[in-house]
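If you want the building blocks of each chain, they are given just below.
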Amino acid sequence: PAQAEATLDALVDFLRATIPKLRDDRGLHATLGQQLDLCASYLALMQVRMGGRLTYVVRAEDGLRALPFPPSLLITLVENAIKHGIEPRPGAGHVEVVAERVDERLRVRVIDDGAGLQPGLSTGVGLANVREQLAARHGAQATFSLTTRAEGRGVCAEIRVPIGSPA
């Protein structure tokens, strides 16, 4: 019963974060804070679903949460970290979502310690959509990379966009 209640609480939080964005045209605009909250709700739900073998951290430098940030990009990267990184590997797994200012640019990373890059995964539909949305909103000023972590286990997905440009 306690796990069922925790699952329902996490699901309610996730739905509260996502449903308002589906109404009107608000789904076209978002802040980094909204996207981080959505990811935190999703990760809490996945943590319950995975029986506690998932740990996660979502953090942003002060003042960055109010910045515009394209909707749906971050949750796509977090979902990929779970689906392709943490779930296929036995044992505990960890996901970090980190936003910081680097040289007047916003750098947002999704880092996992999962299964690592597998052939063909970096060319999927979700990542193609991330690349296309970044290009449409920011042109050549935005970058996206997907790399194997230096430790050799897991993946780091990184988005960089100019601070102050529209999301």
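Please refer to the structure higher up on the page.
Residues numbered from 1 in each chain as written. Predicted model: local features only at pLDDT ≥ 70, side-chain atom pairs only at ≥ 80, totals over all residues. Heavy atoms only, no water.

Considerations on the overall build of the chain
Here comes step 1: Across its full length, the chain holds four helices and five strands.
Here comes step 2: Element order for the chain, N to C, with α for helix and β for strand: α-α-β-α-β-β-α-β-β.
Here comes step 3: In the chain, buried positions account for 40% of the 167 residues.
Here comes step 4: Considering only intrachain contacts with a sequence separation of at least 6, the fraction spanning at least 24 residues in the chain is 71%.
Here comes step 5: As presented, the chain carries roughly 8,700 Å² of accessible surface, and 54% of it is formed by carbon and sulfur atoms. (Helix = DSSP H or I, 4+ residues; strand = E, 2+ residues; numbered from the N terminus. Buried < 20%, exposed > 50% of the residue type's maximum accessible area, 1.4 Å probe, protein only. Contact = heavy atoms within 4.5 Å. Areas by Shrake-Rupley, 256 points an atom, 1.4 Å probe, with all protein chains shown as cover.)

Some remarks on a nonpolar patch on the surface
Here comes step 1: Judged by side-chain polarity, Leu8, Leu11 and Leu15 come together as a nonpolar surface patch covering roughly 240 Å² of accessible area.
Here comes step 2: Within the secondary structure layout, leucine 8 lies in helix α1 (residues 2-18). (Patch = residues over 30% accessible without salt bridge, like charges linked within 9 Å, V, L, I, M, F, W, Y side chains within 5 Å. Salt bridge = Lys/Arg side-chain N within 4 Å of Asp/Glu carboxyl O.)

A few points about the packing of helix α2 (residues 32-49) against helix α3 (residues 73-86)
Here comes step 1: Where α2 contacts α3, the axes come no closer than 9 Å and their chain directions differ by 25°. When the axes of α2 and α3 are compared, the pair comes out roughly parallel. Here the hand of the crossing between α2 and α3 comes out right-handed. Touching Leu32, Gln35, Leu36, Leu38, Cys39, Tyr42, Leu43 and Met46 of α2 are Leu74, Ile75, Val78, Glu79 and Ile82, all from α3.
Here comes step 2: Here the contact of α2 with α3 is built from residues that sort into 11 nonpolar, one polar and one charged. (Axes fitted to C-alpha atoms, helices over the stretch in contact; angles between N-to-C directions. Parallel < 35°, antiparallel > 145°, perpendicular 65-115°, else oblique. Left-handed = near helix turned anticlockwise from the far one by under 90°. Nonpolar A, V, L, I, M, F, W, Y, C, P; charged D, E, K, R; others polar.)

Overview of the environment of glycine 139
Here comes step 1: Relative to the elements of secondary structure, glycine 139 occurs in the loop between α4 (125-138) and β4 (143-148).
Here comes step 2: Spatially, the C-alpha atoms of glycine 139 and valine 161 are 9.7 Å apart, while their sequence positions differ by 22 residues.

Observations concerning the packing of α3 against α4
Here comes step 1: Direction vectors running N to C along α3 and α4 enclose 155°, while the axes themselves pass 10 Å from each other. Classified by the angle between their axes, α3 and α4 sit roughly antiparallel to one another. Note on packing geometry: the crossing formed by α3 with α4 is left-handed. Residue-level contacts link Leu73, Thr76, Leu77 and Asn80 of α3 to Gly126, Leu127, Val130, Gln133 and Leu134 of α4.
Here comes step 2: Looking at the contact of α3 with α4 residue by residue, the classes come out as five nonpolar, four polar and no charged.

Things to note about the nonpolar core
Here comes step 1: If you look at the biggest cluster of nonpolar residues, it comprises 37 residues, and the most contacted ones within it are Leu32, Leu74, Ile82, Val95, Leu106 and Ile159.
Here comes step 2: Sequence-distant contacts of leucine 74, that is, excluding residues within four places in its chain, are made with Leu32, Gln35, Leu36, Cys39, Phe69, Val97, Val108 and Val110. (Core = buried A, V, L, I, M, F, W, Y, C linked by side-chain atoms within 4.5 Å.)

Some remarks on the sheet that holds strand β1 (residues 54-60)
Here comes step 1: With respect to topology, five strands assemble into an open sheet ordered β1-β2-β3-β5-β4, the strand pairing being mixed. Of all the strands in the sheet, the pair left with one neighbour each is β1 and β4. Between one strand axis and the next, the sheet turns through 10° on average, direction left out of account.
Here comes step 2: Here six bridges tie β4 to strand β5 (residues 155-162), and the two strands are oriented antiparallel to one another. Of the residues in β5, the one forming a bridge with threonine 147 is cysteine 156.
Here comes step 3: Across the face of the sheet, α2 comes into contact with β1, β2 (93-102) and β3 (105-112) while running at roughly 170° to β1.
Here comes step 4: Running at roughly 150° to β4, α4 makes contact with β4 and β5 of the sheet. (Pairing = 2+ DSSP bridges.)

Looking at the pairing of β3
Here comes step 1: Counting buried residues in β3 gives seven out of eight residues, a clear majority hidden from the surface.
Here comes step 2: When β2 meets β3, the two strands line up antiparallel, connected through eight bridges. Across the sheet, residue glutamate 100 finds its bridge partner in β3, namely arginine 107.
Here comes step 3: In textbook terms, the turn of a hairpin is the stretch between consecutive antiparallel strands, and for β2 and β3 this stretch comprises two residues, one of which, aspartate 103, has a positive phi near 50°.
Here comes step 4: Direction of pairing for β3 relative to β5: antiparallel, over a ladder of seven bridges. By the bridge assignment for β5, arginine 109 is matched with glutamate 158.

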